Amino acid sequence: MKTLETERLELTEFTEADASDLYEYAKNPNVGPHAGWSPHKDREESLRIIRELFMPNQTWAIRKKGDSRVIGSISLEPDRYRPDACSRELGYSLAEECWGQGIMTEAAKEVIRFGFEELGLDQIGICTGEANRRSQRVIEKCGFKYEGTIRRTYKVYDGTLRDSMIFSMLKEEYEEQYK
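Everything numeric here is computed off the predicted structure, so don't read it as measured data.

Asker: Can you walk me through the sheet that holds strand 2 (residues 9-13) in this structure?
Answerer: Each strand in a sheet pairs with another by means of backbone hydrogen bonds, the pair being arranged parallel or else antiparallel. Spatial strand order, 1-2-3-4-5-6-8-7: eight strands in an open sheet with mixed pairing. Whereas interior strands pair on both sides, the edge strands pair on one side only; in this sheet they are strand 1 (4-5) and strand 7 (145-155). Pairing analysis gives seven bridges linking strand 4 (residues 70-78) to strand 5 (residues 87-94), with the strands arranged antiparallel. What sits directly across from Leu76, in strand 5, is Leu90. Against the sheet, helix 4 (residues 103-118) touches strand 1, strand 2, strand 3 (58-64), strand 4, strand 5, strand 6 (123-128) and strand 8 (161-170), its axis set at about 30° to strand 4. Running over the sheet, helix 6 (residues 171-178) touches strand 7 and strand 8 and is turned about 65° from strand 8.

Written out as structure tokens, the structure reads:
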């Protein structure tokens, strides 16, 4: 997996050694529930997430340059709504102490660039819940187009179904906006 860099960030492959850092931000009840996952219970749960979800998928650990600590994750996973298209779905999480600093927008723009320019994707999708205003702001800043809301489609950690706001960006939209 290729390491990506931005002005302030390094996006690197997750390793098992990152479990403690992941746990430190993922145990916060303000982080996971907005995305539909429960706060991590212990370091072992974070290690399992790294092994079973992050390592098999294209998931980067987000680090500030000059600091080895993981402050978030960002991924390009198979697109569940467009399985037959040359598309991936963007997903991310970030430590609460890093919110409001433009870090996720910076990381997302680099992953979007990578997806279109290096992976040759035709489109990138992203979904979020209606209550997740911070994620919606990142999506807006990155230039995704709103497609609609699918009602009661996303099962969250407590078993309830949430509505999903669906967004996408086509390659030609990326080229128009980012070039």
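Further notes follow.
Asker: Explanation requested: a negative patch on the surface in the structure shown.
Answerer: On the surface, a cluster of negative charge is made up of Asp122, Glu172, Glu175 and Glu176. In this fold, Glu176 is placed in helix 6.

Asker: Help me out: how do you make sense of the pairing of strand 4 in this one?
Answerer: In summary, the side chains of a regular strand alternate between the two faces of the sheet. Counting buried positions over the nine residues of strand 4 gives seven, a clear majority of the element. Pairing of strand 3 with strand 4, which is carried by six bridges, proceeds in the antiparallel orientation. Looking at strand 4, one finds that Gln58 is bridged to Leu76. In sequence, strand 3 turns back onto strand 4 through a hairpin of five residues, with Gly66 there showing a positive phi of about 85°.

Asker: Honestly, the packing of aromatic side chains in this entry has me stumped. Any pointers?
Answerer: Each aromatic ring pair is characterised by the separation of its centres together with the angle its planes make. Inspection of every chain in the model, using the stated rule, returns five aromatic pairs. Here the aromatic rings of Phe14 and Phe54 are separated by 4.6 Å at their centres, their planes lie at 40°, and the arrangement is tilted. Of this pair, Phe14 sits in the loop between strand 2 and helix 1 (19-26) while Phe54 sits in helix 3 (residues 43-54), placing them 40 residues apart in sequence. A single burial state applies to Phe14 and to Phe54, both of which are buried. Their ring planes at 90° and their centres at 5.5 Å tell us that Trp60 and Phe114 sit as a pair that is edge-to-face. In this pair, Trp60 is assigned in strand 3 and Phe114 in helix 4, connecting sequence segments 54 residues apart. Overall, Trp60 belongs to the buried group, its relative accessible area being 0%. Taking relative accessible area as the criterion, Phe114 reaches 5% and is therefore assigned buried. Chaining the aromatic ring pairs together yields one cluster made of Phe116, Tyr174 and Tyr178.

Basis of the calculations
- Residues numbered from 1 in each chain as written.
- Predicted model: local features only at pLDDT ≥ 70, side-chain atom pairs only at ≥ 80, totals over all residues.
- Heavy atoms only, no water.
- Pairing = 2+ DSSP bridges.
- Helix = DSSP H or I, 4+ residues; strand = E, 2+ residues; numbered from the N terminus.
- Contact = heavy atoms within 4.5 Å.
- Axes fitted to C-alpha atoms, helices over the stretch in contact; angles between N-to-C directions.
- Patch = residues over 30% accessible without salt bridge, like charges linked within 9 Å, V, L, I, M, F, W, Y side chains within 5 Å.
- Areas by Shrake-Rupley, 256 points an atom, 1.4 Å probe, with all protein chains shown as cover.
- Salt bridge = Lys/Arg side-chain N within 4 Å of Asp/Glu carboxyl O.
- Lys, Arg positive; Asp, Glu negative; His and termini not counted.
- Charge placed at Lys NZ, Arg CZ, Asp CG, Glu CD.
- Buried < 20%, exposed > 50% of the residue type's maximum accessible area, 1.4 Å probe, protein only.
- Phe/Tyr/Trp six-rings, centres within 6.5 Å; stacked < 30°, edge-to-face > 60°.

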